[in-house]
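Chain and residue survey
Take a look at the letters that make up each chain.
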Amino acid sequence: MSDKLFNVIGGAQNYAWGKHGASSAVAQFAHNNDPSFPIDESKPYAELWMGTHPSVPTYKAVVSTTETGVVTKTKGETLRSIITAKPEENLGSKVIAKFGAKDEIPFLFKVLSIEKVLSIQAHPDKSLGAQLRKADPAHYPDANHKPEMAIAVTDFEAFCGFKPLKQIDHLLQTIPEFRELIGEQIVKEFHDEVQPEKKDDENNKKLLQKVFGKLMRTPEDQIASYAEKLVARTKSQPELFGDVLADLIQRLNVQFPNDIGLFCGCLMLNHCNLKKGEAIFLQARDPHAYISGDIMECMAASDNVIRAGFTPKFKDVEVLVNCLTYSYNDVEQQKLQAAKFSRGSGAANFALYDPPIDEFSVLQISFDGVSELLVMKAQL
Ligand SMILES: [Zn+2]
């Protein structure tokens, strides 16, 4: 194997929201890649990181085969130190010129296994990232943007972007707790003025922002009491909620009782189901949350998160309400279609996940359905 292409050993993270034991794709990937990685059935395995982030190092795997043919892997140098030793050779001058770092690749590649919903969040674009970092460095650890792409490896569900306006209007009209919380005046204004057939319309976006802003600025104790009534309503009148929402609200209420996420997530954002191989790309300043399942995730190197719900962490409500794009779209429109890879040849099948950003694209290579390989590169 050449110097340029080598096995790596990533770092697993045991956050409480991860799937437990061997049911976790993180544990399976880590163990299959490195048989000495132990799987403890009582432990959650949430993330497996592959990249140059210093807090969870990735190592070059030193592969050896014993006389009886058993392959073993041990940790060699870190990926970061290999790159730092010869940045021009390992990153290339174009990547260094474009992204400015000599010790880091511009993306982080992960496996995620989710048992419990992650926080509803949005990420800044580059100019907002720089602004937030300057104004509030305690909450915004870097000045970068954080585009993310999720590719399902099992059935996966997420919240992704605002629902079509017709659906939000219908829920405001029919769910009494949602209507009361937002208030008659804003509900009426939304109903009278919104023009759902108009795509990407500024007035529609302003009306949506009013509803979302009212919700996010409501004091927590009021939210909790509306949420309690909302959950009771899903049991007494589940037919009001359509096929999915009553069950979803009850399920997430077990994880985060009486949380604002029941409103801003379940009632305002698209509930998106992905099958293995399907992908979503999460644009800057669009709200989203991962709910359950296993994915490969690729993201730009950043930790900037603006949270809205399902979290005990800090919510920067004014920044959140003012920064979102308020794009609204059908759930199918949120998916990223894999493209053919023109340079692919031979017996393998290739699928290119190529989001409209510079930091990364992901190439899936499958060999007769037997095994798969995902590789990624910074685009030039
Ligand atoms: Zn995110």
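Computed from a prediction, not measured in an experiment: that's the story for all the values here.

1. So, the overall build of the chain
Along the chain, the regular secondary structure elements total 13 helices and 19 strands. Relative to a compact globule of 380 residues, whose C-alpha radius of gyration would be 21 Å, the chain shows 22 Å and is just as compact. Overall, the chain is about 75 × 45 × 40 Å in size when its C-alpha atoms are taken along their principal axes. Within the chain, contacts between residues at least 6 apart in sequence are counted, and of these 69% link residues at least 24 apart. When the accessible surface of the chain is summed, it comes to about 18300 Å², and 51% of that surface belongs to carbon and sulfur atoms. For the chain, the distance from the average position of its 42 positive side-chain charges to the average position of its 50 negative side-chain charges is 3 Å.

2. Some words on the packing of aromatic side chains
Going through the model one piece at a time under the given rule, you end up with nine aromatic pairs. Centroid distance Phe-162 to Phe-212: 5.5 Å. Interplanar angle 85°. Geometry classified as edge-to-face. In this pair, Phe-162 sits in strand S11 (residues 156–162) while Phe-212 sits in helix H9 (residues 202–217), placing the two residues 50 residues apart along the sequence. Given a relative accessible area of 0%, Phe-162 falls into the buried group. By relative accessible area, which is 2% here, Phe-212 ends up buried.

3. Here's the deal with the pattern of salt bridges
Under the counting rule described, the total for this entry stands at 18 salt bridges. Arg-80 is paired through a salt bridge with Glu-104; the nearest N and O atoms lie 3.3 Å apart. Of this pair, Arg-80 sits in helix H2 (residues 79–85) while Glu-104 sits in the loop between helix H4 (93–99) and strand S8 (107–114), and the two are 24 residues apart along the sequence. Among the residues examined, Arg-80 registers a relative accessible area of 22% and is labelled partly exposed.

4. Here's the deal with the domain arrangement of the chain
Each domain of the chain was delimited in the assignment, giving domain 1 (8–157 + 336–377) and domain 2 (164–267). The gap between the C-alpha centroids of domain 1 and domain 2 is 35 Å. Each partner contributes to the interface: domain 1 provides five residues, whereas domain 2 provides eight residues. Carbon and sulfur atoms supply 62% of the area that domain 1 and domain 2 bury against each other, a total of about 480 Å² over both sides. For domain 1, the biggest contributors to the area lost against domain 2 are Lys-116, Val-117 and Ile-120; these three give 75% of the whole. Applying the counting rule to domain 1 against domain 2 returns one salt bridge. With its nearest N and O atoms 2.7 Å apart, the salt bridge here joins Glu-157 to Arg-251.

5. Describing the coordination of the zinc ion
Taken together, the protein donors to the zinc ion comprise Gln-121 (OE1), His-123 (NE2), Glu-148 (OE) and His-288 (NE2), at separations of 2.1 to 2.4 Å. All donors of the zinc ion come from a single chain, and their spacing in sequence reads Q-x1-H-x24-E-x139-H. In this pair, Glu-148 is assigned in strand S10 (residues 148–152) and His-288 in strand S14 (residues 288–300), connecting sequence segments 140 residues apart.

6. Let's talk about the nonpolar core
Residues Phe-212 and Leu-215 are the most contacted members of the largest nonpolar core, which totals 57 residues. At six residues, the largest contribution of residues to this core is made by H9. Viewed by domain, this core spans two of them, domain 1 (8–157 + 336–377) and domain 2 (164–267), each represented by three or more residues. Apart from residues lying up to four places away in sequence, Leu-215 is in contact with Leu-181, Ile-182, Ile-223, Ile-260, Phe-263, Cys-264 and Met-268.

7. Let's talk about the pairing of strand S6 (residues 59–65)
The sheet contact formed by strand S1 (residues 8–9) and S6 spans two bridges and is antiparallel. Bridging across to S6, Val-8 finds its partner in Lys-60. The pairing of S6 with strand S7 (residues 71–78) spans six bridges and is antiparallel. Residue pairing for S7: Tyr-59 is matched across the bridge by Thr-78. Connecting S6 to the next strand, S7, in antiparallel fashion are five residues, including Gly-69 with a positive phi near 90°.

8. Here's the deal with the packing of helix H8 (residues 184–193) against H9
Between H8 and H9, the shortest axis-to-axis distance is 10 Å and the interhelical angle comes to 160°. Of the possible angle classes, the one that applies to H8 and H9 is roughly antiparallel. H9 is crossed by H8, and the crossing has left-handed handedness. Along the contact surface, H8 presents Ile-186, Glu-189, Phe-190 and Glu-193, while H9 presents Asn-203, Asn-204, Leu-207, Leu-208, Lys-210, Val-211 and Lys-214. For the contact of H8 with H9, a count of residues per class yields five nonpolar, two polar and four charged.

9. Describing helix H1 (residues 25–33)
Within H1 the residues assigned to the buried category are Ala-25, Val-26, Ala-27 and Ala-30. The opening residue of H1 is Ser-24, an N-cap whose side-chain oxygen sits 3.1 Å from the backbone nitrogen of Val-26.

10. Here's the deal with H8
When H8 is considered as a whole, its buried residues turn out to be Ile-186, Val-187 and Phe-190. Around the axis of H8, the buried residues are gathered within 100° of arc, so they sit on the same side. More than 90 degrees from the buried face of H8, the exposed residues found are Gln-185 and Lys-188.

About the criteria used
Residues numbered from 1 in each chain as written. Predicted model: local features only at pLDDT ≥ 70, side-chain atom pairs only at ≥ 80, totals over all residues. Heavy atoms only, no water. Helix = DSSP H or I, 4+ residues; strand = E, 2+ residues; numbered from the N terminus. Rg over C-alpha atoms; globule rule 2.2 N^0.38 Å. Contact = heavy atoms within 4.5 Å. Areas by Shrake-Rupley, 256 points an atom, 1.4 Å probe, with all protein chains shown as cover. Lys, Arg positive; Asp, Glu negative; His and termini not counted. Charge placed at Lys NZ, Arg CZ, Asp CG, Glu CD. Phe/Tyr/Trp six-rings, centres within 6.5 Å; stacked < 30°, edge-to-face > 60°. Buried < 20%, exposed > 50% of the residue type's maximum accessible area, 1.4 Å probe, protein only. Salt bridge = Lys/Arg side-chain N within 4 Å of Asp/Glu carboxyl O. Domains from an automatic or database assignment. Buried area = accessible area lost by both parts, 1.4 Å probe. Donors = N, O, S within 2.8 Å, 3.2 Å for Na, K, Ca; no water. Core = buried A, V, L, I, M, F, W, Y, C linked by side-chain atoms within 4.5 Å. Pairing = 2+ DSSP bridges. Axes fitted to C-alpha atoms, helices over the stretch in contact; angles between N-to-C directions. Parallel < 35°, antiparallel > 145°, perpendicular 65-115°, else oblique. Left-handed = near helix turned anticlockwise from the far one by under 90°. Nonpolar A, V, L, I, M, F, W, Y, C, P; charged D, E, K, R; others polar. Polar contact = N/O pair within 3.5 Å; in protein donor to acceptor, adjacent residues only side chain to side chain. Arc of directions from axis to C-beta.

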